[in-house]
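Okay, here's what each chain looks like letter by letter:
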Amino acid sequence: MGLPDRIAGRARAGLATMAAVTVVLYVIEAVNMATAGLLTVDFGIRPRDPSSLPDIVTAPLVHDASSWNHLLANTLPLVVFGFLAFLAGLRQFLTAVALSWLSSGIGVWLFGGSAFGPPTVTVGASGVIVGLFGFLLVRGFPNRSWGQVLLAVVLFIAYGSVLLGVLPTVGRGISWQSHLFGLVGGVLAAVVLRPRSGAKRQPA
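Worth saying up front: this structure is predicted, and the values here are computed from it rather than measured.

**Q** Which parts of the structure should I look at to understand unusual backbone geometry?
**A** Excluding glycine, residues mostly have negative phi values, and the peptide bonds linking residues are mostly trans. With phi around 60 degrees, A36 is a residue other than glycine that occupies positive phi space. Tracing the backbone shows A36 in the loop between helix 1 (3-34) and helix 2 (38-43). According to the relative accessible area criterion, A36 is exposed, its value standing at 72%.

**Q** What is the right way to read the layout of surface pockets from this model?
**A** Over the atoms rolls a probe the size of a water molecule, and in doing so it shows where empty space is left. As a volume, the second largest pocket reaches approximately 220 Å³. What lines the second largest pocket is a set of 14 residues, among which V21, L61, L78, V97 and W101 lie closest to the centre. Sorting the residues of the lining of the second largest pocket by element identifies helix 1 and helix 5 (90-111) as the ones contributing at least two each. Looking at the lining of the second largest pocket element by element, the count peaks at five residues for helix 1. Classifying every residue of the lining of the second largest pocket gives 13 nonpolar, one polar and no charged.

**Q** Is there a simple way to explain the pattern of salt bridges in this structure?
**A** When the charged atoms of two side chains with opposite charge come close together, those side chains can pair. Inspection of every chain in the model, using the stated rule, returns two salt bridges. For the salt bridge of R46 with D49, the shortest nitrogen-to-oxygen distance reads 3.1 Å. Two residues, D55 and R46, come together in a salt bridge whose shortest N-O distance is 3.8 Å. Here the salt bridges share partners, and the residues they tie into one network are R46, D49 and D55.

**Q** Which parts of the structure should I look at to understand the packing of aromatic side chains?
**A** All told, the structure shown has five aromatic pairs when counted by the stated rule. On the numbers, 5.1 Å between centres and 75 degrees between planes, the contact of F81 with Y159 is edge-to-face. With a gap of 78 residues between them, F81 in helix 4 (residues 69-86) and Y159 in helix 8 (residues 146-159) connect regions that are remote in the sequence. Seen from their ring centres, F86 and F93 are 5.1 Å apart, and the 55 degrees between their planes marks the pair as tilted. We classify F93 as buried; its relative accessible area is 8%. Pairwise contacts between aromatic rings join F81, F133 and Y159 into one cluster.

About the thresholds
- Residues numbered from 1 in each chain as written.
- Predicted model: local features only at pLDDT ≥ 70, side-chain atom pairs only at ≥ 80, totals over all residues.
- Heavy atoms only, no water.
- Helix = DSSP H or I, 4+ residues; strand = E, 2+ residues; numbered from the N terminus.
- Buried < 20%, exposed > 50% of the residue type's maximum accessible area, 1.4 Å probe, protein only.
- 1 Å grid on protein atoms, 1.4 Å probe; cavity = no way out; pocket = protein on both sides within 12 Å on 5 of 7 lines; lining within 4 Å.
- Points joined across faces, edges and corners; volume = space filled by probe spheres on them.
- Nonpolar A, V, L, I, M, F, W, Y, C, P; charged D, E, K, R; others polar.
- Salt bridge = Lys/Arg side-chain N within 4 Å of Asp/Glu carboxyl O.
- Phe/Tyr/Trp six-rings, centres within 6.5 Å; stacked < 30°, edge-to-face > 60°.

Any functional reading would require information that these geometric values do not contain.
Take a look at the structure:
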């Protein structure tokens, strides 16, 4: 199978994967809204609460139950970044998602909320989205791929404002910790997945 066929196959698989992910997220949101936010309470991250450690795995699947706006705002960047990461291959995609997911959740669990304020619960895929964005922005440099660097420039022009979410001043009700540590996870994935010395580089 030639390179164009491999890329076409990855594109089809990537579209199918992101479509399936989107359907799952919308089904979960519908259930969460129907139960008046029960999933948020049960599966959102409560910072520094030992019983909430498993919620690091579940929180990105749940969104704000008060309206569809949270999930709607996340859908397009998640699909775009996820699809582009998938084009690099299943291993690259899964590694970028896993490190972004775990890093974001651990960061929120450790540093989320305020020690002096009321308890907070964090949900949403934003940390994974920023992580995938970070992965796509930096991977071209360790990969020494001008195609990936050019794509990063285009993505930065189109979605660079996403990075404002890592600032503590981003706004009330937005977890900058999730964004910041998700970004760290995405960059770490780009470094971990860099070609080893003498290894064949991935196509752009």
